[in-house]
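For reference, the chains in residue letters:
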Amino acid sequence: MKLRFILINKKYFRFFVLSVLCLVFIGSIIFYIEATNSNLSVGDFSDEPNIDAPVGKNNGGKLAIIIDDFGQSRLGVKEMMSINRHLTFAVMPFLEFSESDAIAAKEKGFEVIAHLSMEPVSGKISWLGPRPILAGMDNSKVSAIVRDAFDNVPFAVGANNHMGSKASNDENIMDSILEVIKEKNLYFVDSMTARRPVCKKIADQKGVTCYERNIFLDGQMPKSHVIKQLEAAEKIAIKKGKAIAIGHVGVEGGKVTAE
């Protein structure tokens, strides 16, 4: 077999080379802008960062921002959906807008997780919405709720807890939840509302990927507070290599947090 040669016109060849160089230069600029402007979704934490590496201009941390409470109140939903960043949206199941919010988020390129309602130490059970996970529930009932939650929140790649300061402190409850998470090969984020969290310990025993929330961004606070919390999350990410911040749509954050 002989090599196939093409006849090259010297004049047009120079033009061709210059064109290629221009395209490469423009592509490099676009790649740099995208890389420096985008933050990470929770799923991007699969590679453990080198937390002992010195902090420098080219050695920042990883920050994931989760926005809770999709599926119900419309306050701030449109604004959050308009943000051109890699955010993770936690959608509460079994509500009027659960499925539509998950679908819309996926179509816009956001990561979706299920926001599982769990019993708190104090507060009204009615705040949890339909089919919450309550402390003391038997394993089969908890498993059924979690499975149905994933069916109701399409495209979910993981889950976190909504409230749950009581239920997330129950080892049997967390074992049942994490067993379903393991079967589906997903991840779990502990929102860290319990005084003595047990999720990470059980997840590690099961071989389930589990992350823990570092910062809450809002909670019916002004924008100045949200900015300070974002700055705090940034510092943790740079110091420890990664951080997770949680904000909200609805009355806890909504348009203020989106801004």
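Residues numbered from 1 in each chain as written. Predicted model: local features only at pLDDT ≥ 70, side-chain atom pairs only at ≥ 80, totals over all residues. Heavy atoms only, no water.

## Focus: the environment of M81
Relative to the assigned elements, M81 resides in helix α2 (residues 77-81). Using a relative accessible area of 9% as the deciding quantity, one classes M81 as buried. Between the C-alpha atom of M81 and that of A258, which follows or precedes it by 177 residues, the distance is 9.1 Å. Setting aside its immediate chain neighbours within four residues, M81 contacts F70, F89, D101, A104, A105, K108 and F110. (Helix = DSSP H or I, 4+ residues; strand = E, 2+ residues; numbered from the N terminus. Buried < 20%, exposed > 50% of the residue type's maximum accessible area, 1.4 Å probe, protein only. Contact = heavy atoms within 4.5 Å.)

## Let's talk about the pairing of strand β4 (residues 156-163)
Counted residue by residue, β4 has 6 buried out of 8 residues, so it is predominantly covered. The pairing of strand β3 (residues 111-118) with β4 spans 6 bridges and is parallel. Bridging from a neighbouring strand, V112 pairs with A156 of β4. Tracing the backbone out of β3, into helix α4 (residues 139-152) and back to the parallel element β4 gives a crossover that is right-handed. As paired strands, β4 and strand β5 (residues 187-190) are joined by 3 bridges and run parallel to one another. Across the sheet, the residue bridging to G158 is Y187, located in β5. (Pairing = 2+ DSSP bridges. Right-handed = clockwise from strand over helix to strand, strands pointing away.)

## Examining the sheet that holds strand β8 (residues 242-248)
Reading across from one edge, β6-β5-β4-β3-β2-β1-β8-β7 is the order of the 8 strands in this open sheet, with parallel pairing throughout. Edge positions in the sheet fall to β6 (209-212) and β7 (215-216), since each has one partner strand and no second. Bridge count for β5 against β6 is 4 bridges, and the pairing is parallel. By the bridge assignment for β6, D190 is matched with E212. Sheet strands touched by helix α6 (residues 199-206): β5 and β6. Its angle to β6, the strand with the most contacts, is close to 160°. (Axes fitted to C-alpha atoms, helices over the stretch in contact; angles between N-to-C directions.)

## Topic: the confidence of the model for the chain
Summarising the model, the chain shows a mean pLDDT of 85, and 78% of its residues fall at 70 or more. Every residue in residues 28-38 scores below 50 in pLDDT, and together they form 3 contacts with partners more than four places removed in sequence or on other chains. Here residues 47-56 scores under 50 on pLDDT; set against residues more than four positions off or in separate chains, the count is 10 contacts. (pLDDT = per-residue confidence, 0-100.)

## Here we look at the nonpolar core
Membership of the largest hydrophobic core comes to 51 residues, with the highest contact counts inside it found for F70, F89, L116, I133, I177 and F188. Setting aside residues up to four positions removed in sequence, L116 forms contacts with I133, V146, A149, A159, N160, N161, H162, I177 and F188. Counting residues in each nonpolar core, the second largest holds 10 residues, with A64, A90, Y187 and I244 among its members. (Core = buried A, V, L, I, M, F, W, Y, C linked by side-chain atoms within 4.5 Å.)

## Regarding the packing of aromatic side chains
Within this structure, the stated rule accounts for 3 aromatic pairs. Among the aromatic side chains, those forming a connected cluster through ring pairs are F70, F89 and F110. It is R131 that lies over the ring of F94; its NZ or CZ is 4.9 Å from the centre. (Phe/Tyr/Trp six-rings, centres within 6.5 Å; stacked < 30°, edge-to-face > 60°. Lys NZ or Arg CZ within 6 Å of the ring centre and 35° of its normal.)

## So, the side chain of D170
With respect to the helices, strands and loops of the structure, D170 is situated in the loop between β4 and α5 (171-183). For the buried D170, which has no salt bridge, the nearest side chain bearing the opposite charge is K166, at an N-O separation of 8.4 Å. From its side chain, D170 meets the backbone nitrogen of G136 in a polar contact 3.4 Å long. Ignoring any residue separated from it by four or fewer positions in sequence, one finds D170 in contact with A135, G136 and V198. (Lys, Arg positive; Asp, Glu negative; His and termini not counted. Salt bridge = Lys/Arg side-chain N within 4 Å of Asp/Glu carboxyl O. Polar contact = N/O pair within 3.5 Å; in protein donor to acceptor, adjacent residues only side chain to side chain.)

## Notes on the pattern of salt bridges
Taken as a whole and judged by the stated rule, the model has 9 salt bridges. Across the pair D175 and K206 runs a salt bridge, and its minimum N-O distance is 3.2 Å. Separated by 31 residues along the polypeptide, D175 in helix α5 and K206 in helix α6 bring together distant segments of the chain. With relative accessibility at 32%, the residue D175 sits in the partly exposed group. The class of K206 is buried, set by a relative accessible area of 15%. Two residues, K206 and E179, come together in a salt bridge whose shortest N-O distance is 2.4 Å.

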